[in-house]
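Residue-level structure breakdown
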Amino acid sequence: MKIPFTTATETAQKQITNGTVLGGHLGVTQGYLTYTYFVVNPINGTGHKVIVDAGNGKVLYTSEGLPMASLASSWKGHGSWHGFEGSWKGHGPGGFWHGLFGS
């Protein structure tokens, strides 16, 4: 891991127009150490998954935007964004993400 979390966060945020990072974590994606972030564009109401290589800082994946309304229904019952983040962090790129973006 050569790239700091905060640097990778800035990189992920820049991938999405008007991007705001709501959460992220360090994990393994297809055998590589990566940071995975949930980035939203509050202007058009979309959410994206962005994966950044923790070794070189390159963006490996940016999902298409999904409407926040569909994301909200996917985590209904989790409570607030804080509850959603806790659930997401606990399950890594699978769990919540698996149903929305694949893993």
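Residues numbered from 1 in each chain as written. Predicted model: local features only at pLDDT ≥ 70, side-chain atom pairs only at ≥ 80, totals over all residues. Heavy atoms only, no water.

Examining the overall build of the protein
Looking only at helices and strands, the protein has 4 helices and 5 strands in total. Each helix and strand of the protein, placed in order from N terminus to C terminus, yields the pattern α-β-β-β-β-β-α-α-α. Across the 103 residues of the protein, 40% fall into the buried class. Contacts in the protein between residues at least 24 apart in sequence constitute 43% of all its contacts with a sequence separation of at least 6. (Helix = DSSP H or I, 4+ residues; strand = E, 2+ residues; numbered from the N terminus. Buried < 20%, exposed > 50% of the residue type's maximum accessible area, 1.4 Å probe, protein only. Contact = heavy atoms within 4.5 Å.)

Some points on a nonpolar patch on the surface
Where nonpolar side chains cluster on the molecular surface, the patch consists of Met1, Leu26, Val28 and Leu33 and spans about 390 Å² of accessible area. Within the fold, Val28 resides in strand S1 (residues 20-29). A relative accessible area of 56% means that Val28 is categorised as exposed. (Patch = residues over 30% accessible without salt bridge, like charges linked within 9 Å, V, L, I, M, F, W, Y side chains within 5 Å. Areas by Shrake-Rupley, 256 points an atom, 1.4 Å probe, with all protein chains shown as cover. Salt bridge = Lys/Arg side-chain N within 4 Å of Asp/Glu carboxyl O.)

Some remarks on the pairing of strand S4 (residues 59-62)
Pairing geometry for strand S3 (residues 46-53) and S4, over 3 bridges, is antiparallel. Within the sheet, the bridge partner assigned to Val52 lies in S4 and is Val59. What sits between S3 and S4 in their antiparallel hairpin is a turn of 5 residues, with Gly57 showing a positive phi close to 80°. (Pairing = 2+ DSSP bridges.)

Section: the nonpolar core
In this structure, Ile3, Ala8, Ala12, Ile16, Tyr35, Tyr37, Val39, Val50, Val52 and Ala54 together form the largest nonpolar core, which totals 10 residues. Where this core is concerned, the elements lending two or more residues are helix H1 (5-14), strand S2 (32-41) and S3. Per-element accounting of this core gives the leading share, 3 residues, to S2. (Core = buried A, V, L, I, M, F, W, Y, C linked by side-chain atoms within 4.5 Å.)

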